[in-house]
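# Structural overview
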Amino acid sequence: MALRSVEIPAAGGALSVEDLRAQLRQVGEERYHHRHPFHLMMHEGKLSRGQLQAWALNRYYYQSRIPIKDAIILSRSEDPEFRRAWSKRVLDHDGDATHEGGIERWIRLAEATGLDRKRVVSCQEVLPGVRYAVDAYLDLVRNGTLMEAVASSLTELFSRDLITLRMDRLRQHYPWLSGGLDYFEARLNQAPEDARFALQWVTEHSITRAEQELAIHALSAKCDILWAQLDAIYFAYVQPGWPPPGAFRTAES
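About the criteria used
- Residues numbered from 1 in each chain as written.
- Predicted model: local features only at pLDDT ≥ 70, side-chain atom pairs only at ≥ 80, totals over all residues.
- Heavy atoms only, no water.
- Helix = DSSP H or I, 4+ residues; strand = E, 2+ residues; numbered from the N terminus.
- Rg over C-alpha atoms; globule rule 2.2 N^0.38 Å.
- Expected span 1.5 Å × (residues − 1).
- Contact = heavy atoms within 4.5 Å.
- 1 Å grid on protein atoms, 1.4 Å probe; cavity = no way out; pocket = protein on both sides within 12 Å on 5 of 7 lines; lining within 4 Å.
- Points joined across faces, edges and corners; volume = space filled by probe spheres on them.
- Buried < 20%, exposed > 50% of the residue type's maximum accessible area, 1.4 Å probe, protein only.
- Phe/Tyr/Trp six-rings, centres within 6.5 Å; stacked < 30°, edge-to-face > 60°.
- Lys NZ or Arg CZ within 6 Å of the ring centre and 35° of its normal.
- Salt bridge = Lys/Arg side-chain N within 4 Å of Asp/Glu carboxyl O.
- pLDDT = per-residue confidence, 0-100.
- Nonpolar A, V, L, I, M, F, W, Y, C, P; charged D, E, K, R; others polar.

### What to know about the overall build of the chain
On a plain count of helices and strands, the chain comes out with 11 helices and zero strands. Reading the chain from its N terminus to its C terminus gives the helix and strand order α-α-α-α-α-α-α-α-α-α-α. Taken over C-alpha atoms, the radius of gyration comes to 18 Å for the chain, in line with the 18 Å a tight globule of 253 residues would show. Oriented by its inertia axes, the alpha-carbon framework of the chain measures out at about 55 × 45 × 30 Å.

### Let's talk about helix H1 (residues 17-31)
Taking 1.5 Å as the rise per residue, H1 with 15 residues should run 21 Å; its terminal C-alpha atoms sit 21 Å apart, in good agreement. Contact partners of the buried residues in H1: helix H9 (156-173), helix H10 (182-205) and helix H11 (209-237).

### Here's the deal with the layout of surface pockets
By volume, the largest pocket amounts to about 210 Å³. In terms of lining, the largest pocket is formed by Arg25, Gly28, Glu29, Tyr32, His34, Leu40, His43, Leu157, Phe158, Asp161, Leu162 and Leu165. Elements with a minimum of two residues in the lining of the largest pocket: H1, helix H2 (37-43) and H9.

### Considerations on helix H5 (residues 102-112)
Along H5, the residues that are buried comprise Gly102, Ile103, Arg105, Trp106, Ile107, Leu109 and Ala110. Where the residues of H5 are buried, they touch helix H3 (49-76), helix H4 (80-94), helix H6 (117-122) and H10. In the segment just after H5, glycine 114 is the residue with positive phi, at about 110°.

### Regarding the packing of aromatic side chains
Within the structure shown, the criterion is met by 13 aromatic pairs. With 5.6 Å between their ring centres and 55° between their planes, phenylalanine 82 and tryptophan 201 make a pair best called tilted. Pair noted here: phenylalanine 82 is in helix H4 and tryptophan 201 is in helix H10, with a separation of 119 residues, a long-range link. The residues phenylalanine 82 and tryptophan 201 share a single accessibility class, namely buried. Pairwise contacts between aromatic rings join Trp55, Trp106, Tyr183 and Phe184 into one cluster. The ring of tryptophan 176 carries arginine 49 above its face, with NZ or CZ at 3.8 Å from the centroid. When the ring centre of tryptophan 86 is taken as origin, the NZ or CZ atom of arginine 89, which lies over that ring, is 3.7 Å away.

### With respect to the pattern of salt bridges
Counting across every chain of the model gives 19 salt bridges. Between arginine 105 and glutamate 100 there is a salt bridge whose closest N-O contact spans 3.6 Å. The class of arginine 105 is buried, set by a relative accessible area of 15%. Among the residues examined, glutamate 100 registers a relative accessible area of 36% and is labelled partly exposed. Salt-bridge contacts for arginine 187 lead to aspartate 194; the nearest nitrogen and oxygen are separated by 3.9 Å.

### As for the confidence of the model for the chain
For the chain, the mean per-residue pLDDT works out to 94, and 95% of the residues sit at or above 70. This model gives residues 1-10 a pLDDT under 50, and the stretch forms 24 contacts once residues within four places in sequence are excluded.

### Observations concerning empty space enclosed by the protein
By the definition in use, this model includes two cavities of 30 Å³ or more. Lining the largest cavity are 24 residues, with Arg59, Tyr62, Glu156, Tyr183 and Arg187 positioned closest to its centre. Contributing elements (two or more residues each) for the lining of the largest cavity: H3, H4, H9, H10 and H11. For the lining of the largest cavity, the per-class residue count stands at 11 nonpolar, five polar and eight charged. If you go around the second largest cavity, the residues you meet are His33, His39, Trp55, Asn58, Arg59, Leu226, Gln229, Leu230 and Ile233. Those elements that place two or more of their residues in the lining of the second largest cavity are H3 and H11. Residues that form the lining of the second largest cavity fall into these classes: four nonpolar, four polar and one charged.

Encoded structure:
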């Protein structure tokens, strides 16, 4: 499921900064995964413990690849100022000698669902659809332009509202998860800060209409990748409920 850089022909003159930002936000309104049926079920308290375990285990594969994605983006830039700003993303997820990162916090969330740490980090039971979608994200940032790589991260523009809602509903419907929500607490501040930098960079460096269209397309592709992960989880664990051979199986199944 490799995504390739797509050359989109310019249609008229370059958009103003305001119009470009409006189009990027429109992508989020229409395509971000906040409207996915699996998330709607989660927020309505309709998921079983096993379905939450399946989500946490599969989503870990995505979480574990985020600092790898950001390291690839770092390697694409020759601008020291950009690299200094972007490098915080790697530390945010990997942590360092004094601070734990988002990956460790996600493991604690998975443990709060009742999963064993080793089972999660092995990634052996990850759905093929999730694996292909996440690997496609790495292909996008590796093989596309730097503009596409940076613009693909702009889903963070829309994540704060989803995280806020998710934390509220997880506490309400799944109180046994409350001790594992540190990951989301941290992202409430990290994601908007990262999004501001990326949005500023994209608007300053997408000079032509073709470059702007590439940025919009990359953000759309990233939304598709997030949606595809949930599609795989929904198919395997909700309806029709057919996890493939070798994938995680819930106690209910």
